[in-house]
Amino acid sequence: MWKSHGEGEGSDCCSWDGVECDRETGHVIGLHLASSCLYGSINSSNTLFSLVHLRRLDLSDNHFNYSEIPFGVGQLLRLRSLNLFDSAFTGQIPSELLALSKLVFLDLSGNPMLQLQKPSLRNLVQNLAHLKKLQLSEVNISSTIPHELENLSSLTTLFLRGCGLHGEIPFSLVNMSQLTTLTLARNQLSGQIPSWLMNLTQLTELDLGANNLEGGIPSSLFELVSLQYLSVQGNSLNGTVELNMLHKLKSLTSFQLSNNRLSLLGYTRTNVTLPKFKLLGLDSCNLTEFPDFLQNQDELKVVFLANNKIHGPIPKNKLTGEISPLICNMSSLMFLDLSSNNLSGRIPQCLANLSKSLSVLDLGSNSLDGPIPQTCTVPNNLRVVDLGENQFQGQIPRSFANCMMLEHLVLGNNQIDDIFPFWLGALPQLQVLILRSNRFHGAIGSWHSNFRFPKLRIVDLSDNKFIGDLPSEYFQNWDAMKLTDIANDLRYMQARPTFQIPGYRWTIPYMYSMTMTNRGMQRFYEKIPDIFIAIDFSGNNFKGQIPTSIGNLKGLHLLNLGSNNLTGHIPSSLGNLTQLESLDLSQNQLSGEIPLQLTGITFLAFFNVSHNHLTGPIPQGNQFATFSNASFDGNPGLCGSPLSRACGSFEASPSSKQGSTSEFDWKFVLMGYGSGLVIGVSIGYCLTSWKHEWFVKTFGKQQRKWTRKEIRGHKA
C-alpha cells in the first residue's frame with residue numbers, strides 16, 4: 001500500500017497527499033491524515049504497521065467507529081509523534097503503546113470513551129520518558145495525579161482536562177520547570193491551590209477550573225509573569241482578590257474567577273495599568289458596581305458579569321465627558337452577559353454599535369427601563385438577544401428586522417406596548433420568540449409569505465392583550481413545528497461562536513434559556529432541548545374556534561391556549577399531535593365533547609380542560625387514566641372517570657378527589673403506551689420528560705450557561 005523500504009513499484013507514494021518521506025532513503029516517515037473523513041476500524045494486521053520507519057502519525061479528527069486503538073501501533077518503534085485527537089476510539093489504551101519510548105508528542109484527547117487504567121497514567125509516564133507534549137483530555141483515567149510525572153523533565157505541555165482525576169495536586173510537579181501549559185480543569189481535584197506553582201516560571205496557560213479546590217488564591221500565583229491564560233473558575237475558593245495584583249501579568253489575555261466564593265476588590269477607581277483582556281470571567285464575584293477598568297479594555301471579546309450585585313445604571317464614560325457608556329469602547333466584544341444583577345436606567349443607544357461584533361446580548365433579570373434602543377443598524381452577527389424580566393417600555397425597534405442571524409429573542413416580562421411583530425417573520429434563523437407578560441395588543445393578523453417565521457419552534461405570547469381569532473394561517477405555515485424527527489442524542493439550543501487568543505482557538509457554547517409555563521406552573525429552562533416545540537397563547541382575549549390547522553403542527557410538545565374566550569368544539573385534529581406532552585385548554589367557553597382521538601396522544605402527561613362548557617363522557621384509556629378530577633373541573637356536563645358523576649346520572653355528585661392539575665397518581669409514573677412514555681418525577685415536583693433518556697431538569701442547582709470547549713490543546 002505504502003512504499004516502506006524505498007523499493008516500491010508503480011506510482012511514487014511520496015507524492016501522495018499526507019505522505020512524508022525521507023529524501024535520502026525514500027522511507028515513509030510521516031502520515032498526516034488529519035480531517036481526512038476516514039471511517040471504520042484499523043486492524044492490527046493493517047499494512048500501516050509495516051511502516052517501521054514512521055516517525056509521525058496523525059489520524060486526528062476522523063471517525064474510527066468507536067473501535068479500539070490497534071495494538072499493532074506498538075510496532076512503530078521509531079514513532080516520535082502520535083496524534084489520535086477526536087477520532088472516536090474507545091476501550092482501554094493498549095499496553096503496546098507504552099513500547100513507543102521515542103515519543104515526544106502524544107495526543108489521545110477528545111476520545112471520551114477511551115480508558116487509561118490498565119495500563120495506568122503512572123505506567124505511561126514511566127515508559128514514555130522523552131515526552132514534551134502529553135494531551136489526554138477527556139480520556140477516562142480515574143486516578144490521582146502520579147508523582148512520577150516529575151520524571152518527564154522535558155515536558156512543556158500537559159493537558160489532563162476532564163479525566164476523572166482526584167486527590168490533591170502533588171508537590172512533585174514543582175520539578176517540571178519546562179512546563180508552559182498545565183490544564184487540570186474539570187476533574188475532582190481537592191485541597192488548596194499550591195503556592196509552589198510560582199516555581200513553574202515558564203507557564204503561559206494555567207487552568208484549574210471546575211474542580212473542588214478550596215481556600216484562597218495564593219498571591220504567588222500572580223508572580224507568573226508569562227501567563228496568558230489563568231482560570232480558577234468553578235471551584236469552592238474563598239477570600240478576596242485584589243485587581244491590582246494583575247499588574248505584573250502584562251501578557252494575560254484570559255482571566256476567569258467566576259463561580260467561586262471570591263470577592264474581587266479594587267475593580268473601581270483603579271490606578272494600575274492592567275493587561276488587555278480578551279476573555280474575562282467575573283460571574284458571582286460579589287461585584288456591587290460596574291467595573292470602571294473596563295473602559296480601557298478595547299480588545300475584550302467575552303465578559304461574564306452575571307449573578308453579581310451590580311446596581312444602578314450602566315455607567316457612562318466620564319473620562320471624556322461623553323454620554324456613551326464605557327462598555328461601548330469594547331468594539332471587539334462578542335458576548336455580553338450582565339443578567340441577574342440590579343442594573344437600572346436605560347440601555348445606552350451606542351450599544352447598537354456593538355451589534356457588529358456581538359453574538360450574545362443578555363441583559364435579562366435586571367431593572368432596566370425606557371425604550372429598547374435601535375439594534376442591528378449595521379451588519380451584525382447577533383444570535384441571542386435576552387432583555388426579559390426588566391421594565392422596558394415602548395415598541396420593539398423595527399431595526400430588529402435587520403438581525404438576520406438572530407435565533408433567540410426574549411422580551412418577556414416587560415412593559416412593551418406594541419402590536420404583534422409580524423415583521424420578525426422575515427428573520428430566517430429565528431427559533432425562539434418570547435413576548436410573554438407585556439402589553440401587546442390587537443389581532444395577530446393574516447399570514448404573509450414574506451413573513452413566514454420559517455424556523456420558529458417556540459413562541460410564547462401569554463399574558464398580553466391580544467384579541468381576535470387564533471392565527472389559523474400561521475399554524476398552517478409554521479413548517480419547523482411540523483417536524484417530528486427524533487435525534488439520536490440529546491442536544492440543546494445554543495450559540496457556538498469561536499474566537500482566538502494567541503495560539504489557541506476556543507468555542508464557548510452559550511445555552512439558550514427561557515421562562516415558560518408548562519403543566520400549569522411557571523418554569524425556568526436553563527437549557528432548551530433542540531427538539532422542544534411549544535406554543536403558549538394563554539392569558540389573552542382570543543375568541544372564536546380553535547382552528548383545525550393546529551393539528552398540522554405534529555412536532556408540538558406543549559400547547560397552551562388557556563384563559564382566553566375560545567368557543568366551539570375541541571377539534572379532533574388535535575389527536576394528530578402525537579408528540580404532545582402538555583395540553584391546556586382551560587378557562588375558555590369551549591363546548592361539545594372531548595374528542596376520543598386525544599386518547600391516541602400517548603406521551604400526554606398534563607391535560608387541563610377545566611372551566612369550560614364541555615359535555616358528555618370523558619374518554620377512557622391510555623394517558624386519560626392518569627388525569628385527576630382537577631383536569632375536568634368546572635364542566636357540569638362532563639361525566640365518567642375520574643369524576644364521581646357517572647354518565648347517565650342526572651345528579652351531579654361532588655368530586656371525590658380534588659387536587660392540583662400538576663399532580664398525578666404515583667401508580668401511573670411508569671405507565672406507557674405506544675413507543676413508550678417516560679414521565680420524570682422528582683420529590684414533590686413533576687419535571688418535563690422526553691423520549692427515552694431525554695430528561696430535562698427544569699429546576700435545581702443553577703449552572704452557568706457558558707462552557708469552554710478545548711478545540712486544540714497545542715499551539716495553533
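Residues numbered from 1 in each chain as written. Predicted model: local features only at pLDDT ≥ 70, side-chain atom pairs only at ≥ 80, totals over all residues. Heavy atoms only, no water.

Enquirer: How would you explain the overall build of the protein chain if you had to name every residue and give the values?
Expert: Scanning the protein chain from N- to C-terminus turns up two helices and 52 strands. Considering the protein chain as a whole, with its 716 residues, one finds that 56% of them fall into the buried category. Accessible area of the protein chain: about 28,800 Å², with a carbon and sulfur share of 48%. (Helix = DSSP H or I, 4+ residues; strand = E, 2+ residues; numbered from the N terminus. Buried < 20%, exposed > 50% of the residue type's maximum accessible area, 1.4 Å probe, protein only. Areas by Shrake-Rupley, 256 points an atom, 1.4 Å probe, with all protein chains shown as cover.)

Enquirer: Lay out the packing of aromatic side chains with the relevant residues and their values.
Expert: Using the criterion set out here, one finds 20 aromatic pairs in the structure. Summarising the aromatic geometry, the rings of Phe440 and Phe466 are spaced 6.1 Å apart at their centres and angled 10° between planes, so their arrangement reads as stacked. Placement of Phe440 in the loop between strand S31 (432-434) and strand S32 (441-443) and of Phe466 in strand S34 (residues 465-469) is noted, with a sequence separation of 26 residues between them. Using a relative accessible area of 0% as the deciding quantity, one classes Phe466 as buried. (Phe/Tyr/Trp six-rings, centres within 6.5 Å; stacked < 30°, edge-to-face > 60°.)

Enquirer: Describe the sheet that holds strand S17 (residues 236-242), with residues and values.
Expert: Sheet architecture is open: three strands sit in the order S15-S17-S19, paired in parallel fashion. Looking at strand neighbours, the two that pair on one side only are strand S15 (214-215) and strand S19 (261-265), the edges of this open sheet. (Pairing = 2+ DSSP bridges.)

Enquirer: Got a sec to walk through the state of the cysteines? Specific residues and values, please.
Expert: For the structure on display, the rule yields three disulfides. With its sulfur 2.0 Å from that of its partner, Cys14 forms a disulfide with Cys21. Residues Cys14 and Cys21 share a disulfide whose torsion about the S-S bond is about -95°; that sign makes it left-handed. According to the relative accessible area criterion, Cys21 is buried, its value standing at 18%. Put simply, Cys639 and Cys647 are joined by a disulfide, and their sulfur atoms are 2.1 Å apart. For the disulfide bridge between Cys639 and Cys647, the dihedral angle about the S-S bond is near 95°, and by the sign convention the bridge is right-handed. (Disulfide = S-S within 2.5 Å.)

Enquirer: Now, about the sheet that holds S34: what can you tell me, with residues and values included?
Expert: One open sheet holds the four strands; their spatial order is S32-S34-S42-S44, and the pairing between them is parallel. Whereas interior strands pair on both sides, the edge strands pair on one side only; in this sheet they are S32 and strand S44 (565-566). The pairing of S32 with S34 spans three bridges and is classified as parallel. Across the sheet, residue Gly442 finds its bridge partner in S34, namely Phe466.

Enquirer: Tell me about the environment of Gln395, residues and numbers included.
Expert: Considering the arrangement of structural elements, one finds Gln395 in the loop between strand S28 (391-394) and strand S29 (408-410). Once the C-alpha coordinates of Gln395 and Asp417 are considered, the two residues, 22 residues apart in sequence, prove to be 5.7 Å apart. Gln395 has contacts with Ile416, Asp417 and Asp418, leaving out every residue within four places of it along the chain. (Contact = heavy atoms within 4.5 Å.)

Enquirer: Give me the lowdown on the confidence of the model for the protein chain, citing residues and values where you can.
Expert: The pLDDT averaged across the protein chain works out to 84; a share of 84% of its residues lies at or above 70. Here residues 1-10 is modelled with pLDDT under 50, and outside its nearest four sequence neighbours on either side it reaches 25 contacts, counting other chains as well. Throughout residues 649-716 the model reports pLDDT below 50, and contacts reaching past four residues in sequence, or to other chains, amount to 176 contacts. (pLDDT = per-residue confidence, 0-100.)

Enquirer: Please set out the pattern of salt bridges residue by residue, giving values where relevant.
Expert: Where charged atoms of side chains with opposite charge meet at close range, the side chains can pair. Evaluated as defined, the whole model comprises 15 salt bridges. Where Glu407 meets Arg383, a salt bridge forms, and the shortest distance between an N and an O atom there is 3.1 Å. Pair noted here: Glu407 is in the loop between S28 and S29 and Arg383 is in the loop between strand S26 (367-371) and strand S27 (384-386), with a separation of 24 residues, a long-range link. In this structure Glu407 comes out as buried when scored by relative accessible area, which is 10%. (Salt bridge = Lys/Arg side-chain N within 4 Å of Asp/Glu carboxyl O.)

Enquirer: I'd love a proper account of the environment of Pro421, names of residues and values included.
Expert: Assignment of secondary structure puts Pro421 in the loop between strand S30 (415-416) and S31. Taking the C-alpha atoms as reference, Pro421 lies 8.6 Å from Ile444; in sequence the two are 23 residues apart.

Enquirer: Before we move on, could you go through the pairing of strand S39 (residues 514-518) and cite the residues and values that matter?
Expert: With respect to burial, S39 is a largely interior element, five of its five residues being buried. Covered by surrounding structure in S39 are Met514, Met516 and Asn518 together with Thr515 and Thr517, the residues of both alternating faces. Where S39 meets strand S40 (residues 521-525), five bridges bridge the pair, whose relative direction is antiparallel. Its bridge partner being in S40, Met516 is matched across the sheet by Arg523. Two successive antiparallel strands, S39 and S40, enclose a turn made up of two residues, where Arg519 displays a positive phi of approximately 60°.

Enquirer: Pulling in residues and values, what's your account of unusual backbone geometry?
Expert: Residue Pro119 is bonded to the preceding Lys118 through a cis peptide linkage, with omega at 10°. Mapping Pro119 onto the fold places it in the loop between strand S8 (113-115) and helix H1 (121-127). That bond from Ser641 to Pro642 is cis: its omega, 10°, falls within 30 degrees of zero. Within the secondary structure, Pro642 is located in the loop between strand S49 (637-639) and strand S50 (680-682). Backbone geometry at Ala88 places phi at a positive 60°, although glycine is not the residue there. Residue placement: Ala88 occurs in the loop between strand S5 (81-83) and strand S6 (89-92).

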